[in-house]
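Commentary on secondary and tertiary structure
Listed below, chain by chain, are the residues.
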Amino acid sequence: MSLVDTQPVLAALIALLGLGITFGAILGFASIRFRTEGNPLADQINQILPQTQCGQCGYPGCKPYAAAIAEGDVINKCPPGGQETIDALADLLDVESMPLDAEHGEEKAPKVAFIREAECIGCTKCIQACPVDAILGAAKVMHTVIADECTGCDLCLDPCPVDCIDMIERKTGIQHWRWQLPSDNIIATDRAAA
Amino acid sequence: MLAEYALLLVGTVLVNNFVLVQFLGLCPFMGVSNKLETAIGMSAATTFVLTLASACSYLTYTWLLVPLDLTYLRTISFILVIAVVVQFTEMVVRKSSPLLHRVLGVYLPLITTNCAVLGVALLNINKAHTFSQSLLYGFGAAVGFSLVLVLFSAMRERLAVADVPLPFQGAAIGMIAAGLASLAFMGFAGLV
């Protein structure tokens, strides 16, 4: 108490300093205790993205684009995911949904790569280009595509020196089959006219 | 005893509502009331911060400033306390709900400068509240803030689709609506 009486300014300084150090210690402890591993929001976004790793969004893969969305990038840069993915992202992030940005490509039916094996010269260039390791083969040996792994990203088309890769439409199996929805106006309404 | 606390709570929530009667904390009130979900998230964060901050600042005042005869340092110490509580809340929210953290965005750190938080801490000292009274006063202020924020965001969601004349669109009609809501809350005067 004598310090307070004789040196009030010093006492005030010490009190504030003590307060600051205590609070700093609390925050330091909290920052370790509540440390977030990676970016949980980016992980959630990454699960919605189609994982084609095609790079049409301008990022090297789906995960970097997910991180960019978490940082505030627009959600309509993913052509393989199409409108469905954009809607799901808009729902997750609580923002307005928007149409696909045509600059990054347009929504296409799911495709799968097919190598015309008679023409393949075994150069391994498509193997290096494939982001998901869906092409099997070795140097000077015929290559082939593992259809279940292929995401239809088109990235193997450009490197092929003999153009022996086709993108063929993925056949509708029981896993991809969709119910054919009826057209919009099955109920008579005057809403469109109004 | 219980009646006294109930009266204090009703008084802070309705009669002396911090936003619409005392006009404290108007920035988040106008800033975050565009969407109901955001408003609810902001209300929850502010309630937590306000209650905790009023308790912490009371403890700092009674155990540190009064014994050392440094009560003139209360404003700066309370700002320190509030900043720490807000920072702590931000860490917890980022850990527990990253989505809410993103939605609240800049408004979460801005609770630090929410005048209602500092106002409650200083008014607690001015009114010579005890610890439990301070806690209740802070909580009441937060509930009042939340109530008004949620009500007002519901109103603004209606206004967003309403046919508002061009010169009044956007913030202007928001201000007018806030004024009318404030008038409505004047009706509670004399209740306690």
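Residues numbered from 1 in each chain as written. Chains lettered and ligands numbered in written order. Predicted model: local features only at pLDDT ≥ 70, side-chain atom pairs only at ≥ 80, totals over all residues.

1. Looking at the overall build of chain A
When its secondary structure is counted, chain A shows six helices and four strands. Counting every position in chain A, which comprises 194 residues, the buried fraction comes to 18%. (Helix = DSSP H or I, 4+ residues; strand = E, 2+ residues; numbered from the N terminus. Buried ≥ 20, exposed ≤ 12 C-beta atoms within 10 Å, placed from the backbone.)

2. A closer look at the overall build of chain B
In terms of regular secondary structure, chain B is built from nine helices and zero strands. Traced from its N-terminal end to its C-terminal end, chain B shows the element sequence α-α-α-α-α-α-α-α-α. Within chain B, buried positions represent 39% of all 192 residues. Across chain B, contacts joining residues at least 24 apart in sequence account for 79% of those joining residues at least 6 apart. (Contact = placed C-beta atoms within 7 Å.)

3. Brief notes about the nonpolar core
Grouped together as the largest cluster of nonpolar side chains are 48 residues, with contacts concentrated most on B:Val49, B:Ala53, B:Val85 and B:Val117. Going through the elements one at a time, helix 1 (2–15), helix 3 (36–65), helix 4 (74–96), helix 7 (115–126) and helix 8 (131–161) of chain B are the ones with two or more residues in this core. Element by element, the count of residues in this core is highest for helix 3 of chain B, at twelve residues. Among residues more than four places away in sequence, those in contact with B:Val85 are B:Val49, B:Leu52, B:Ala53 and B:Cys56. Core analysis: the second largest hydrophobic core is formed by 13 residues, A:Leu41, A:Ile48, A:Leu49 and A:Cys78 among them. (Core = buried A, V, L, I, M, F, W, Y, C linked by C-beta atoms within 7 Å.)

4. Some remarks on the confidence of the model for chain B
On average, residues of chain B score 87 in pLDDT, and 100% of them reach the 70 mark or higher. Scoring of the predicted complex yields 0.64 for pTM and 0.70 for ipTM. (pLDDT = per-residue confidence, 0-100.)

5. Observations concerning the environment of A:Ala66
All names here are of chain A. Following the sequence through the fold, Ala 66 ends up in helix 4 (residues 62–70). According to the C-beta neighbour criterion, Ala 66 is buried, with 25 such atoms within 10 Å. The spacing of Ala 66 and Leu 49 is 17 residues in sequence and 7.7 Å in space, taken between C-alpha atoms. Excluding anything up to four places from it in sequence, Ala 66 contacts Ala 42, Ile 45, Asn 46 and Leu 49.

6. Observations concerning the packing of helix 8 of chain B against helix 9 (residues 171–186) of chain B
Residue and element names in this part refer to chain B. Running from N to C, helix 8 and helix 9 point in directions that differ by 140°, and their axes come no closer than 11 Å. Accordingly, the angle class assigned to the pair helix 8 and helix 9 is oblique. Of the two elements, helix 8 crosses helix 9, and the hand of that crossing is right-handed. Of helix 9, the residues touching helix 8 (which contributes Phe 152, Met 155, Arg 156 and Leu 159) are Ile 173, Gly 174, Ala 177, Ala 178 and Ala 181. Of the residues assigned to the contact of helix 8 with helix 9, the class counts are seven nonpolar, one polar and one charged. (Axes fitted to C-alpha atoms, helices over the stretch in contact; angles between N-to-C directions. Parallel < 35°, antiparallel > 145°, perpendicular 65-115°, else oblique. Left-handed = near helix turned anticlockwise from the far one by under 90°. Nonpolar A, V, L, I, M, F, W, Y, C, P; charged D, E, K, R; others polar.)

7. Some remarks on the interface of chain A and chain B
The interface of chain A with chain B comprises 17 residues on the first partner and 19 residues on the second. Mapped onto the side of chain A that touches chain B, the elements with two or more residues apiece are helix 2 (8–33) and helix 3 (40–48) of chain A. Among the elements that take part in the side of chain A that touches chain B, helix 2 of chain A stands out by supplying eleven residues, more than any other.

8. Points about the packing of helix 3 of chain A against helix 4 of chain A
Residue and element names in this part refer to chain A. Running from N to C, helix 3 and helix 4 cross one another at 125°; their axes reach a closest spacing of 8 Å. Compared by their axis directions, helix 3 and helix 4 come out oblique. As for the relative orientation of helix 3 and helix 4, their crossing is right-handed in sense. Listed contacts from helix 4 to Leu 41, Ala 42, Ile 45 and Asn 46 of helix 3 are Cys 62, Lys 63, Ala 66, Ala 67, Ile 69 and Ala 70.

9. Considerations on unusual backbone geometry
All names here are of chain A. Here the phi dihedral of Thr 124 falls at roughly 65°; this positive angle occurs in a residue that is not glycine. In this structure, Thr 124 sits in the loop between strand 1 (111–115) and helix 6 (125–129). Not every positive phi belongs to a glycine, and Lys 140 is a case in point at roughly 60°. Within the secondary structure, Lys 140 is located in the loop between strand 2 (135–136) and strand 3 (144–145).

10. Re the environment of A:Asn39
Residues and elements named next belong to chain A. Along the polypeptide, Asn 39 turns up in the loop between helix 2 and helix 3. C-alpha separation for the pair Asn 39 and Ala 67, spaced 28 residues apart in sequence, amounts to 7.8 Å. When neighbours within four sequence positions are excluded, Asn 39 is seen to be in contact with Ala 67 and Ala 70.

11. Quick notes on helix 9 of chain B
Here helix 9 of chain B is 16 residues long and its end C-alpha atoms lie 23 Å apart, about the 22 Å a rise of 1.5 Å per residue gives. Across the 16 residues that make up helix 9 of chain B, only a small minority, one, are buried. (Expected span 1.5 Å × (residues − 1).)

12. Topic: the environment of A:Pro159
Residues and elements named next belong to chain A. With respect to the helices and strands, Pro 159 occurs in the loop between strand 3 and strand 4 (165–169). Considered as a pair, Pro 159 and Ala 129 are 30 residues apart in the sequence and their alpha carbons are 7.3 Å apart. Dropping the residues within four chain positions of it, Pro 159 is found in contact with Lys 125, Cys 126 and Ala 129.

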